[in-house]
Amino acid sequence: MSFWQQLKNLMQFQQNKPQFSLGNKSWKREALPETNDQTKLFANLAKNKAVLENVFEVPTNKDIIMREFTIANINKKAMLVFIDGLTSRETQNLAILEPLMVFSSINSRFIKNSIEYCLKLLLPTNDAKPMDNFHDVINGILDGTSALLIDGCKEALIIETRGWEHRTIGKPAIEPTVRGPQEAFSEHFRTNTACVRRYLKDPKLITEIFRVGKRSNTLLAVFYIKDITNPRLVEEIKYRIQSISESIDYVSDSGTLEELLEDRPNSLFPQMLSTERPDRLASFIREGQVGMILDNSPFSLVAPTNFTIFIHTAEDYYLRWPYSNFLRVLRAFAIFISFMLPAFYLAVVNYHQEMIPTDLLIAMSAAREAVPFPTIFEIIIMEFSFEFIREAGIRIPSVIGATIGIVGALILGQAAVAAFIVSPILIVIVAITALASFVVPNYNASFTVRILRFIFIVLAGFLGLFGIAFGIFLIILHLASLNSFGVP
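Student: Got a minute to help me understand the overall build of the protein in this structure?
Tutor: In terms of regular secondary structure, the protein is built from 16 helices and twelve strands. Taken across its 488 residues, the protein has 44% of its residues classed as buried. In the protein, once contacts between residues fewer than 6 apart in sequence are set aside, the share between residues at least 24 apart is 68%. Accessible area of the protein: about 25,700 Å², with a carbon and sulfur share of 61%.

Student: Explain the packing of aromatic side chains here, please?
Tutor: Describing an aromatic ring pair means giving the distance of the ring centres and the angle of the ring planes. Evaluation of the coordinates by the stated rule reveals eight aromatic pairs. Each ring, one from Phe339 and one from Phe456, has its centre 5.4 Å from the other, and the planes form 50 degrees; the classification is tilted. Of the two residues, Phe339 is situated in helix H10 (residues 321-351) and Phe456 in helix H15 (residues 443-463); the sequence distance between them amounts to 117 residues. Classification of Phe339 by relative accessible area gives buried; the value is 12%. Judged by relative accessible area, Phe456 falls into the buried class, the value being 1%. Their ring planes at 75 degrees and their centres at 6.0 Å tell us that Phe386 and Phe438 sit as a pair that is edge-to-face.

Student: Mind showing me how you'd approach the state of the cysteines here?
Tutor: Here, disulfide denotes a covalent bond that connects the sulfur atoms of two cysteines. Within this structure, the stated rule accounts for zero disulfides. Just so you know, Cys153 is unpaired, no disulfide at all, and the nearest cysteine sulfur is the one on Cys118, 7.7 Å from it. Among the residues examined, Cys153 registers a relative accessible area of 8% and is labelled buried.

Student: Please explain the pairing of strand S6 (residues 146-150) as it appears in this structure.
Tutor: For a regular strand, the rule is simple: side chains alternate between the two faces of the sheet. Most of S6 is tucked away: five of the five residues are buried. Residues Ser146, Leu148 and Ile150 line one face of S6 and the alternating positions Ala147 and Leu149 line the opposite face, and both faces are buried. Alignment of strand S4 (residues 76-83) against S6, held across four bridges, turns out to be antiparallel. Within S6, the position partnered with Met79 by the bridge is Leu149. Two successive antiparallel strands, S6 and strand S7 (residues 156-159), enclose a turn made up of five residues, where Gly152 displays a positive phi of approximately 90 degrees.

Student: Would you explain the side chain of Asp295 in this entry?
Tutor: Within the secondary structure, Asp295 is located in the loop between strand S11 (290-294) and strand S12 (300-303). The buried charged residue Asp295 lacks any salt bridge, with Arg162 as its nearest oppositely charged partner at 7.3 Å. What Asp295 contacts, discounting residues up to four positions off in sequence, is Glu187, Phe189, Thr218, Leu219 and Ser252.

Student: Explain the pattern of salt bridges here, please?
Tutor: If the charged atoms of two oppositely charged side chains come close together, the side chains can form a pair. By the definition in use, this model includes 19 salt bridges. Residue Glu236 pairs with Arg240 through a salt bridge whose shortest N-O separation is 2.5 Å. Residue Glu236 and its partner Arg240 are located together in helix H7 (residues 231-245), separated by four residues, close to a single helical turn. Relative accessible area serves as the criterion here: at 0%, Arg240 is assigned to the buried category. With its nearest N and O atoms 3.2 Å apart, the salt bridge here joins Asp316 to Arg331. Of this pair, Asp316 sits in the loop between S12 and H10 while Arg331 sits in helix H10, placing them 15 residues apart in sequence. Judged on exposure class, the residue Asp316 and its partner Arg331 are both buried.

Student: Just checking my understanding: could you explain the pairing of strand S3 (residues 64-71) for this structure?
Tutor: Two elements, S3 and S4, share eight bridges in a ladder whose sense is antiparallel. Residue pairing across strands places Glu68 opposite Met79, the latter belonging to S4. In this antiparallel pair of consecutive strands, S3 and S4, the connection spans four residues, and Asn75 shows a positive phi of 50 degrees.

Student: Even after reading the chapter, I still don't get unusual backbone geometry, so can you show me in this structure?
Tutor: Most of the time, phi is negative for any residue but glycine, and the peptide bond is trans. Cis geometry is adopted by the peptide bond preceding Pro59, which originates at Val58 and carries an omega value of 15 degrees. The residue Pro59 is located in the loop between helix H2 (45-55) and S3 in this model. With an omega of -5 degrees, the peptide bond running from Ala303 to Pro304 counts as cis. Considering the arrangement of structural elements, one finds Pro304 in the loop between S12 and H10.

Student: What's the story with a nonpolar patch on the surface in this structure? I'm lost.
Tutor: A surface patch of nonpolar side chains, about 360 Å² in accessible area, is lined by Ile174, Ile394, Tyr443 and Phe447. Tracing the backbone through its elements, the reader meets Phe447 in helix H15. Looking at Phe447, the relative accessible area reads 32%, which means it is partly exposed.

Student: What exactly am I supposed to notice about the sheet that holds S6 here?
Tutor: The strands that make up a sheet pair up through hydrogen bonds in the backbone, lying either parallel or antiparallel. Strand order in the open sheet formed by five strands is S3-S4-S6-S7-S5, and the pairing between neighbours is antiparallel. In this open sheet, the two edge strands, each paired with only one partner strand, are S3 and strand S5 (128-131). Within this sheet the neighbouring strands show an average axis-to-axis angle of 25 degrees, counted without direction. Sheet topology note: the S6/S7 ladder contains four bridges and is antiparallel. Bridged to Leu148 within S7 is Leu157. Where H2 meets the sheet, it contacts S3, S4 and S6, and its direction lies at approximately 15 degrees from that of S4.

Rules used throughout
Residues numbered from 1 in each chain as written. Predicted model: local features only at pLDDT ≥ 70, side-chain atom pairs only at ≥ 80, totals over all residues. Heavy atoms only, no water. Helix = DSSP H or I, 4+ residues; strand = E, 2+ residues; numbered from the N terminus. Buried < 20%, exposed > 50% of the residue type's maximum accessible area, 1.4 Å probe, protein only. Contact = heavy atoms within 4.5 Å. Areas by Shrake-Rupley, 256 points an atom, 1.4 Å probe, with all protein chains shown as cover. Phe/Tyr/Trp six-rings, centres within 6.5 Å; stacked < 30°, edge-to-face > 60°. Disulfide = S-S within 2.5 Å. Pairing = 2+ DSSP bridges. Lys, Arg positive; Asp, Glu negative; His and termini not counted. Salt bridge = Lys/Arg side-chain N within 4 Å of Asp/Glu carboxyl O. Patch = residues over 30% accessible without salt bridge, like charges linked within 9 Å, V, L, I, M, F, W, Y side chains within 5 Å. Axes fitted to C-alpha atoms, helices over the stretch in contact; angles between N-to-C directions.

Laid out in structure tokens, this is it:
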């Protein structure tokens, strides 16, 4: 059997296998366990208050407010429970407490249920939902809404009163563009979901909301267009989300969620795309992919992905096709240069000098005559120095960030050449490699390129061009066996 036939069979097996990998374990399709936290509310207000005090550790917990009062017209005791700092005091005073305590003189003899009476006649709020179990009430309070409990009722009203301070929509910091929208996601969940809706005014756009993390209860929105996206893909993603919700305590950021959902978390190659631009997320959803937004995270996730998606940028959608295609070819060439150029230079200098023109070889030998270290040592020193400069430029305050580039790239490089630690041509090689690595548009994909660069340097140092060919062969085999939610 030929190699290509074996490769085809392997890919078919990956697509049709009955098991799916999550992390380092494999699991078969089983019914998810039922949760036991759906305890019903009591009809007695004192019992409900005791349960909530026990859950929220009151009075030790000082930011949990339990405001008790009496609804005037029906003479019923009630309690408003909320977290101070997450809610809007103006909304609570004007739309909840004042109508219930002052203006509740509406005739209620035709409405026997107190919750229904308050919901239909007294509360002028845009969102209020009756809940009958402690699980939903507690999650609502933690989300920033207010819970209204009335004595004699087995239901509570979850009233929309969110009002904490949050960062406004700003310009993209990681994915800037010259042409196109200039806005990025923030950490506010509802602001982010509304941004997607503004770009996709499609009635078939479905937004399903889940909670991930047994203890963090972080909100996660899943976006897809019903009549475009593959239903099996949607079911697979929803199943994986529900599975990690039952096994992981805290999910705080989209990076953690990405690692938990992807098929092969140990692979160097990312299997999901992260983006901070709502217009880019909307474009992927239009193409049949699934988008995910996690609360408190300014980055969204896209699944499934393939290799070519990481050389695309948001600006490609707003340029004419000759310009965008030229830029994509340029980025692909830059990716190849960024992890292959140092290794290729090392292999040619150490093992394949006959490939270098005679005049250039003489000039390179003259430049390296005073350098006491082997070529592989020079390259590793300069590559690690550049990685130090890049990491330092990210971590230090932005006021002196530009100074790092001048000191590191100019002064350090010139001093290394003057001290005969490295040769001048190697400075040129490392500089071109650094510029090419900055062309990689995706932040996660740039890590892949940076790590592969060192792997290829080691292979070229031991085996020359044969080591480089061997490394490329292994990468192709790995990519051929890699799936992103069933898509090769």
